[in-house]
Amino acid sequence: MVVTDWQQINASVQTWFKEVRCQLLAGCETKLQVAKKSGRTDLVTNIDKQVEKYLVTQIKQTFPGSRVLGEEGDRDQDLATYQGLVWIIDPLDGTLNFVKQKDHFASMLAVYENGHEKLGYILDVINDKLYWGGPESGVFCNTARLPKVPDLFLDQGLLDVSGRMLIRNYRNVAQVAEKSMGVRVYGSAGIGFIHVLTGKTVGYCSHLHPWDHAAGKILAKAHGLSVKSIDDNELDVLSSNNVLVATKNAKNDIIKLMRKR
């Protein structure tokens, strides 16, 4: 039986993210090749693809036999059972922010083994902060362990919510927003997860794909936060869903309001 060397995996990923940050910062200074995916606000750039290709190459060379699910098309076809080492990659989360603001974007990676959550990584590129950890290690920002956040109620903190959900008042989210102390819309799942992990918001809600929520789910659960669908169901790591990450008290408040018709 082969025992996975998690210290080696962690050391390798942290080294890779130093290079990822360099590539993303360099991309801020160059003329981008920008294309639309599903619509005019769903963008992909040459940098998204470049960073994903770099990470996939490093994973496959360093840890042979690994399987990958990447946002920009690098994915193995036999992921239905996600046995063995599975890596889920969002090379550039918040591409619209990257293109328009050169700020408020992240890079994310999650590692699962035989379907079990192991390690998650969210790189806040501009602020040079790597949030990482898992159920066995706890959660860190760079080298410092993150302090636990207070279990606040919805009316005690700020709420980060999808702008599209808010505009459409999806599932009564306008009343949820009104109950909070204020709404913030950052446009990046990675940044949204970071703000809940650090207590800057009491919750973050958006429709997310696997690469959007895989890393954040690992970190948030390891940090004692709730990560569920807005119907209060468990998340399938390989599925897209309407995701709510929040303090446990805020989660209960939000779910109750979202169930109203």
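Above this text is the structure in question.
None of these values were measured; they are calculated from a predicted model. (Residues numbered from 1 in each chain as written. Predicted model: local features only at pLDDT ≥ 70, side-chain atom pairs only at ≥ 80, totals over all residues. Heavy atoms only, no water.)

## A few points about the pattern of salt bridges
Inference 1: Enumeration over the complete set of coordinates arrives at 10 salt bridges.
Inference 2: Two residues, R21 and D128, come together in a salt bridge whose shortest N-O distance is 3.5 Å. Taken as a pair, R21 in helix α1 (residues 6-28) and D128 in the loop between β6 (116-124) and β7 (129-134) lie far apart in primary sequence, 107 residues in all.
Inference 3: We note a salt bridge from D232 to K251, for which the minimum N-O separation is 3.2 Å. (Salt bridge = Lys/Arg side-chain N within 4 Å of Asp/Glu carboxyl O. Helix = DSSP H or I, 4+ residues; strand = E, 2+ residues; numbered from the N terminus.)

## Some details on the nonpolar core
Inference 1: Grouped together as the largest cluster of nonpolar side chains are 33 residues, with contacts concentrated most on I88, Y112 and I122.
Inference 2: Broken down by secondary-structure element, the contributors of at least two residues to this core are β4 (85-93), β5 (106-113), β8 (138-141), α6 (189-197), β12 (203-208), α7 (210-222) and β14 (241-246).
Inference 3: Those residues in contact with Y112 that sit more than four places away from it in its chain are G84, L85, V86, I88, E117, A214, K217, I218 and V237.
Inference 4: Residues I9, L55, I59 and F63 belong to the second largest nonpolar core, which totals 31 residues. (Core = buried A, V, L, I, M, F, W, Y, C linked by side-chain atoms within 4.5 Å. Buried < 20%, exposed > 50% of the residue type's maximum accessible area, 1.4 Å probe, protein only. Contact = heavy atoms within 4.5 Å.)

## Concerning the sheet that holds strand β11 (residues 182-184)
Inference 1: Pairing is mixed across the open sheet formed by 5 strands, whose spatial order is β11-β10-β12-β14-β13. The outermost strands of the open sheet, each flanked by one partner alone, are β11 and β13 (226-229). Averaged over all pairs of adjacent strands, the angle between strand axes in this sheet comes to 20 degrees, irrespective of strand direction.
Inference 2: When strand β10 (residues 158-161) meets β11, the two strands line up parallel, connected through 3 bridges. Directly across from L159, in β11, lies its bridge partner V183. (Pairing = 2+ DSSP bridges. Axes fitted to C-alpha atoms, helices over the stretch in contact; angles between N-to-C directions.)

## Concerning the packing of aromatic side chains
Inference 1: With the rule as written, the count across this model stands at 7 aromatic pairs.
Inference 2: With 4.7 Å between their ring centres and 10 degrees between their planes, W132 and F140 make a pair best called stacked. The residues W132 and F140 share a single accessibility class, namely buried.
Inference 3: Here a set of aromatic residues connected by ring pairs shows up, and it is made of W16, F63 and W87.
Inference 4: The ring centre of F98 lies 5.4 Å from the NZ or CZ of K102, which sits over that ring. (Phe/Tyr/Trp six-rings, centres within 6.5 Å; stacked < 30°, edge-to-face > 60°. Lys NZ or Arg CZ within 6 Å of the ring centre and 35° of its normal.)

## So, the side chain of T247
Inference 1: Relative to the helices and strands, T247 resides in the loop between β14 and α8 (248-258).
Inference 2: There is a polar contact of 2.6 Å between the side chain of T247 and the backbone oxygen of L152.
Inference 3: Setting aside its immediate chain neighbours within four residues, T247 contacts P150, D151, L152, V202 and L225. (Polar contact = N/O pair within 3.5 Å; in protein donor to acceptor, adjacent residues only side chain to side chain.)

## A word on the environment of V149
Inference 1: Here V149 shows up in the loop between β9 (144-145) and β10.
Inference 2: According to the relative accessible area criterion, V149 is buried, its value standing at 18%.
Inference 3: Measuring from C-alpha to C-alpha, the distance between V149 and G192 comes to 15 Å, with 43 residues separating the pair along the chain.
Inference 4: Not counting residues within four places of it along the chain, the set of residues in contact with V149 comprises V196, L197, T198, G199, H223 and L225.

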